[in-house]
Amino acid sequence: MTNTINTHDKVLRVAWWVLGLTAFGLTLTIRIRLLGIPLERDEGEYAYAGQLMLQGIPPYELAYNMKFPGTYAAYALLMSIFGQTITGIHLGLLLVNAATVVLVFLLGRKLMNSTAGIAAAASYAVLSVSPSVLGFAGHATHFVVLPVIGGTLLLLNHSDRQTFRRLLASGLLFGVGLLMKQPAVFFILFAAIYLFFSDIRAGFDLKRILLRNLVFGGGVIVPFGITCSVLWYAGVFKASWFWTIDYARQYGSLVPLSEAAQIFVPNVKEVIGANWGLWGLAGIGLIVGLWTKRGRASAGFLLGLFTFSTLAVSAGFYFRYHYFILILPAVSLLAGVAVSNLSDQLSGHATAVRLLVFLLFGAAISLPLFWEEKFFFGLSPVEACRLIYGENPFPESVRIAKYVREHTKANDTIAVLGSEPQIYFYAKRHSATGYIYTYGLMEPQKYANHMQSEMIREIERAHPKYLIFVGMSYSWLKRPGSEELIFTWANDYIPQNYSITGLVDLSATDRTHYYFGDIPRRLPQLENYILICERKS
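A brief structural summary. Predicted model only: the values in this text are computed from it and were never measured. (Residues numbered from 1 in each chain as written. Predicted model: local features only at pLDDT ≥ 70, side-chain atom pairs only at ≥ 80, totals over all residues. Heavy atoms only, no water.)

## As for the nonpolar core
Counting 171 residues, the largest nonpolar core has Trp16, Phe187, Phe361, Val404, Leu417 and Ile486 as the members making the most contacts within it. Here this core takes 10 residues from helix 5 (residues 114-127), the largest share from any one element. With residues up to four places along the chain from it excluded, the contact list for Leu417 reads Met455, Ile459, Leu467, Ile468, Phe469, Val470, Trp476, Ile486, Trp489, Ala490 and Ile494. (Core = buried A, V, L, I, M, F, W, Y, C linked by side-chain atoms within 4.5 Å. Buried < 20%, exposed > 50% of the residue type's maximum accessible area, 1.4 Å probe, protein only. Helix = DSSP H or I, 4+ residues; strand = E, 2+ residues; numbered from the N terminus. Contact = heavy atoms within 4.5 Å.)

Here's what the structure looks like:
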């Protein structure tokens, strides 16, 4: 009888491994199939800034943005290995995501057992590729999660003789996460609070507690300190401070707390979508974990991680879809806790009964894959891009950049009036202005007028060979109270100094019309268009 039970246990363990590896393999297949999906704006920003870094040009010199430069450096590293192409970037993202899946497994196994680790890793693999969080795109949130989960795993290994080395390494990883994007500061707060209270529970004296926290805090500060030193040496520290601190403070205060719920509720519904089974399991994991004595410590830890992950997602109250990638490790690990606890509760029952948990999880993880079958397995990369991003000119940017690259020299500059930094990356031409986004120019913040004036001065000083005007609302997000200076200037400056040599008409819903060198004399009123203008002799 005992041998039969042991055999059934082994079969069930193998089944869990097969399910986990199958889910992981399917998500890898999806990512490989979509390697060629055109870059969207954020990816274009990171790719262009990384491209500049590979040329020896520091961040914030030719590309302004409020993010810390960690993701730029990560893109530069990945592109130096896999090439400065769409495929190379997404191949690097695939490896980053795969490494994160492995770390989630190790963390789940550390907190509970292998079954929990497998369930958590499979959940993260599926959730993080979902179009509901734009998981197929190389957003900074992917690059935050990897070092943070690594640092968390090291933080839990505090009982060996190398505890101070592990604490330092953990702090370094959390510090790297912060360099990727500012909301990672909430993960650092979580780690510091967890370390402090776990040391108290372990019975350490005050001196040892302070020393351990200082070692961890020192590790966090080192990457940031080194980065500041490098930026100062490169002569861009003042610019970086303005963009990542001064302007970021303005940007983070644009959405009032009173509007947060109106943005959060519809967005979180969209994020959960077909993933409701896995999110439901996460809720069960939290309740069951806190209820049972065995899982209370793990569930309490994950409740803290979930809480601070929610704070990271909530930064600025924008609740953009890809921000929710920051919360997926906590959700996945809680789902793993649910699976582990439910399996333990049924451990004394027949194998057929114990299979119910396996089947329940299998259904929860399969639903998103079937629901998004068309996106994952049916559409071409360009079609998938159009399905998710609608009229945004991401596929068109490739062809526009090709035309510009073929009609310019390597040392020519170009300017894009709009928020399409991916054009600079594809064209492999330097920007005549650091304003690779124009969203900040339209925002109701105190620097808007100054930004518009500075962009104008930079373009007039650089005399770019080509000027690309994006006549699309998505590229500007103009508001009723937005400053109009940049438009007034463009209406005069472009006709005086440039000739229109290209037009991209995106008004039709079924196709894009390209006109290069042969512009029709009469066109209907265009709603969405891009003008390619060459400087007059």
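After that view, the rundown keeps rolling.
## Observations regarding the sheet that holds strand 1 (residues 413-417)
One key point about sheets: their strands pair by backbone hydrogen bonds, in either a parallel or an antiparallel sense. As summarised here, the arrangement of the six strands in space is 2-1-3-6-4-5, forming an open sheet in which the pairing is mixed. Edge positions in the open sheet fall to strand 2 (430-431) and strand 5 (513-516), since each of these has one partner strand only. Across two bridges, the pairing between strand 1 and strand 2 is parallel. The residue of strand 2 that forms the bridge with Ile414 is Ser431. Sitting on the sheet, helix 22 (residues 485-497) is in contact with strand 1, strand 3 (466-471), strand 4 (498-505) and strand 6 (529-535), with an inclination near 115° to strand 4. (Pairing = 2+ DSSP bridges. Axes fitted to C-alpha atoms, helices over the stretch in contact; angles between N-to-C directions.)

## Let's talk about the packing of helix 13 (residues 296-313) against helix 14 (residues 328-345)
Between helix 13 and helix 14, the least distance of the axes is 9 Å, while the angle of their chain directions is 155°. Considered as vectors, helix 13 and helix 14 are oriented roughly antiparallel to each other. Crossing of helix 13 over helix 14 shows left-handed handedness. Together, Leu302, Leu305, Phe306 and Ser309 of helix 13 and Ala330, Val331, Leu333, Leu334 and Val337 of helix 14 make up the contact between the two elements. Split into classes, the residues belonging to the contact of helix 13 with helix 14 amount to eight nonpolar, one polar and no charged. (Parallel < 35°, antiparallel > 145°, perpendicular 65-115°, else oblique. Left-handed = near helix turned anticlockwise from the far one by under 90°. Nonpolar A, V, L, I, M, F, W, Y, C, P; charged D, E, K, R; others polar.)

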